[in-house]
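Inside the fold
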Amino acid sequence: MLRAYAICIYIFLYLPISLIVFFSFNAGKYAMAWEGFSLFWYGKAFSNPLIMGALKTSVIIALSTAFLSAIIGTLTALGLERTKGWLRVTFDALIYIAIMVPGIVIGISTLIAFVSFFDLVNPSLAGLGIKFQMGTWAVIAAHVLFNIAVVALLVRARLQGMDRSLVDASEDLYATPLGTFAQVVLPLLAPAILAGFLLAFTFSFEDFIIAYFVSGPDTTLPIYIFSSIRRGVTPEINAVGSVVLLTSFVLLIAAQAVLRRGERTARAE
Amino acid sequence: MTTTPRPKLVTALLLAPAGLFFVFLLLAPLAVVLLFSFGERAPAGGYVPAFTLQNYMDLPARGKAFFNTLTLAPFGTLLTALFAFPMAYFLAVKTSPGWRVALLILVMAPFWTSQLLRYYAWMMILGNKGIPGWLATLGIADVRIINTPWAVLIGAVYGFLPLMVPPIYVSLEKLDKRLLEASADLGATPIRTFLQVTLPLALPGVATGSMLVFILLMGDYILPQFLGGGKVFFIGNALVDLFLQSRNWPFGAAVSVALVAIMFVTIYVYMRFVLSKSGTRRAALV
């Protein structure tokens, strides 16, 4: 009976996603009435300059977010490992606040703080021909804030599970601190950093609500999808959606595989 | 060694980038929101500096959003936990170890795919051409699901089951099967074993999962927007309206402060009482 329940849950979880993919191959104009197989909507989606522009913006945002958060998050985890007392408590608290404050509040606070700041400085910069405004960079900044916290937690968990004697051995063999870091610590942390990179990419690529507030005149793919769902549903959205779903599934499985393999090698070592 | 690195300087350099992000993109903006919540709305929208509590007095004007959020978020969390528990139990106890991890990842994966697209699919399924349409062909007419609280609850279970199952699974996986045998040997019925051994041991997992889901549901926007369709709206929908449509920033700031305050108080009370209580119960049993 429990097995039947589990099967029902899997159907419940995957049926809606499958419907999106299924109807992306629909020849007809309506999202829920099957009229035969066709790749028409894929062709239409990929020749739509609005969709391709939004896709490009989203990829730029997600890649920048993933690189910056992986680097800064790792530095943070390494720094916290060397810290005790109030500094550590403060950073721990900030990491949890960054994760717990809802995305919508992060979007709002970034929007009103930056717009107020720009209103303050733009008049005096106008003479120099400089004008700050919201846009892609603001989305990246807000996404990095959240993902620094995620990467720092992942890398720190890995650091705490690391065998200290490896570092000691490296130092006994006269490696410089930088040499120990590059040849012993970094390879051990690599799976956690890579998994953090992939999770940050996925989060950033799919975020709608933060980008909705701070992207200014720029359009990301989720914002495009949101506004076209509001205008009315066409299989074009299903085609774009299927590509997005496939991308995130591949990235997720990659992140899981990297983390699991990392755990196994850590245990073997 | 040629140069001795100064440990404090290295630590400061390692923490500086994150520190800058936390100060300029988290603390300062949150402080601005708090400041704005005491201000007044400019005639054309936006903010005029002032010190007034009027925005907080006006909160009841958005009472419906608060009411919906504070009833549907806890109820949705409870429903999600009820549906997730048997699934986690199945994965932890009834599956072979070789398949376990893969099956668990299969449960978690949808959470990491676009929320926008998943609820878009539910809009089609629950919309008039979806289930109500099929029911109509069977002669059951005038069923409305979309834009009702039920649609939002179905969406909550669907959206957050992937997040609720793993923590329950983790606490059940640690469960020592010998405890179940001992309970049976001592003459307990399976139901009694479940209620007195399995369930208390799984409670920390249920508590952790519920907190995660509750936090995310409280701040949700897409779910009520797509499945509540403007009729069943949350605080998140009120915030989008206040900031992007009516541009009443000071009032929106007060609503944000209220949302964050309610969340942090709930989390604090929850950690203080529920988590510590389930923790002690586990300590007493093991």
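Residues numbered from 1 in each chain as written. Chains lettered and ligands numbered in written order. Predicted model: local features only at pLDDT ≥ 70, side-chain atom pairs only at ≥ 80, totals over all residues.

1. Regarding the overall build of chain B
- Along its length, chain B carries twelve helices and zero strands.
- Starting at the N terminus and ending at the C terminus, chain B contains elements arranged as α-α-α-α-α-α-α-α-α-α-α-α.
- What you see for chain B is a C-alpha radius of gyration of 24 Å, clearly larger than the 19 Å of a compact globule of 286 residues, by over 25%.
- If you line up chain B on its principal axes, its C-alpha atoms span 85 × 75 × 40 Å.
- Within chain B, the proportion of its 286 residues that are buried is 42%.
- When contacts within chain B are restricted to residue pairs at least 6 apart in sequence, long-range pairs at least 24 apart make up 75% of them. (Helix = DSSP H or I, 4+ residues; strand = E, 2+ residues; numbered from the N terminus. Rg over C-alpha atoms; globule rule 2.2 N^0.38 Å. Buried ≥ 20, exposed ≤ 12 C-beta atoms within 10 Å, placed from the backbone. Contact = placed C-beta atoms within 7 Å.)

2. A closer look at the overall build of chain A
- Regarding its fold elements, chain A presents eleven helices and zero strands.
- For chain A, the sequential pattern of α-helices and β-strands runs α-α-α-α-α-α-α-α-α-α-α.
- Dimensions of chain A, computed from the C-alpha atoms along their principal axes, are close to 70 × 70 × 35 Å.
- Out of the 269 residues belonging to chain A, those deemed buried represent 43%.
- Long-range pairs, those at least 24 residues apart, make up 78% of the contacts in chain A with a sequence separation of at least 6.

3. Re unusual backbone geometry
- Positive phi, normally seen in glycine, also occurs at Tyr174 of chain A, with a value near 65°.
- In this structure, Tyr174 of chain A sits in the loop between α7 (164-172) and α8 (177-206).
- Exposure remark for Tyr174 of chain A: the 8 C-beta atoms within 10 Å place this residue in the exposed category.
- The phi angle at Asp142 of chain B is positive, at roughly 60°, despite the residue not being glycine.
- Following the sequence through the fold, Asp142 of chain B ends up in the loop between α6 (131-137) and α7 (149-173).

4. Topic: the packing of helix α4 (residues 86-100) of chain A against helix α1 (residues 7-36) of chain B
- Packing of α4 of chain A against α1 of chain B leaves a shortest axis separation of 11 Å and a crossing angle of 50°. With respect to their mutual orientation, α4 of chain A and α1 of chain B come out oblique. Crossing angle aside, the handedness with which α4 of chain A passes α1 of chain B is left-handed. Where α4 of chain A abuts α1 of chain B, its residues Phe91, Leu94, Ile97 and Ala98 of chain A lie against Leu15, Phe22 and Leu26 of chain B.
- By residue class, the composition of the contact of α4 of chain A with α1 of chain B is seven nonpolar, no polar and no charged. (Axes fitted to C-alpha atoms, helices over the stretch in contact; angles between N-to-C directions. Parallel < 35°, antiparallel > 145°, perpendicular 65-115°, else oblique. Left-handed = near helix turned anticlockwise from the far one by under 90°. Nonpolar A, V, L, I, M, F, W, Y, C, P; charged D, E, K, R; others polar.)

5. Quick notes on the packing of helix α3 (residues 49-81) of chain A against α1 of chain B
- At a closest axis distance of 8 Å, the pairing of α3 of chain A and α1 of chain B adopts a crossing angle of 130°. Taken as axis vectors, α3 of chain A and α1 of chain B run oblique relative to one another. Note on packing geometry: the crossing formed by α3 of chain A with α1 of chain B is left-handed. In contact with Ile72, Leu75, Thr76, Leu78 and Gly79 of chain A of α3 of chain A, α1 of chain B contributes Thr11, Leu14, Leu15, Pro17, Ala18 and Phe21 of chain B.
- Its residues assigned to classes, the contact of α3 of chain A with α1 of chain B shows eight nonpolar, three polar and no charged.

6. Focus on the nonpolar core
- Of all hydrophobic cores here, the largest spans 158 residues; its most connected members are Ala88, Ile168 and Leu227 of chain B.
- When near neighbours in sequence (up to four residues on either side) are disregarded, Ala88 of chain B contacts Val165, Ile168, Tyr169 and Leu172 of chain B. (Core = buried A, V, L, I, M, F, W, Y, C linked by C-beta atoms within 7 Å.)

7. Looking at the interface of chain B and chain A
- Contacts between chain B and chain A engage 55 residues on the former and 60 residues on the latter.
- The dominant element in the side of chain B that touches chain A, judged by the number of residues it contributes, is α1 of chain B, at 16 residues.
- Grouping the constituent residues of the side of chain B that touches chain A by class yields 44 nonpolar, eight polar and three charged.

8. Topic: the environment of Leu252 of chain A
- Its location among the elements puts Leu252 of chain A in helix α11 (residues 235-268).
- Leu252 of chain A sits in the buried class, given 20 other C-beta atoms within 10 Å.
- C-alpha of Leu252 of chain A to C-alpha of Leu198 of chain A: the two residues are 54 residues apart in sequence and 7.3 Å apart in space.
- In this view, Leu252 of chain A contacts Thr202 of chain A together with Ala109 and Trp112 of chain B; residues no more than four positions away in its chain are not counted.

9. A few points about the confidence of the model for chain B
All names here are of chain B.
- Looking at chain B, the pLDDT average stands at 88 and 94% of residues meet or exceed 70.
- The low-confidence segment residues 280-286, where pLDDT is below 50, has six contacts with residues more than four positions distant or belonging to other chains.
- Scoring of the predicted complex yields 0.89 for pTM and 0.89 for ipTM. (pLDDT = per-residue confidence, 0-100.)

10. Describing the environment of Arg261 of chain A
Residue and element names in this part refer to chain A.
- Counting through the fold element by element, Arg261 comes out in helix α11.
- Given 11 C-beta atoms within a 10 Å radius, Arg261 is considered exposed.
- Sequence separation of Arg261 and Pro191 is 70 residues, and the distance between their C-alpha atoms is 7.8 Å.

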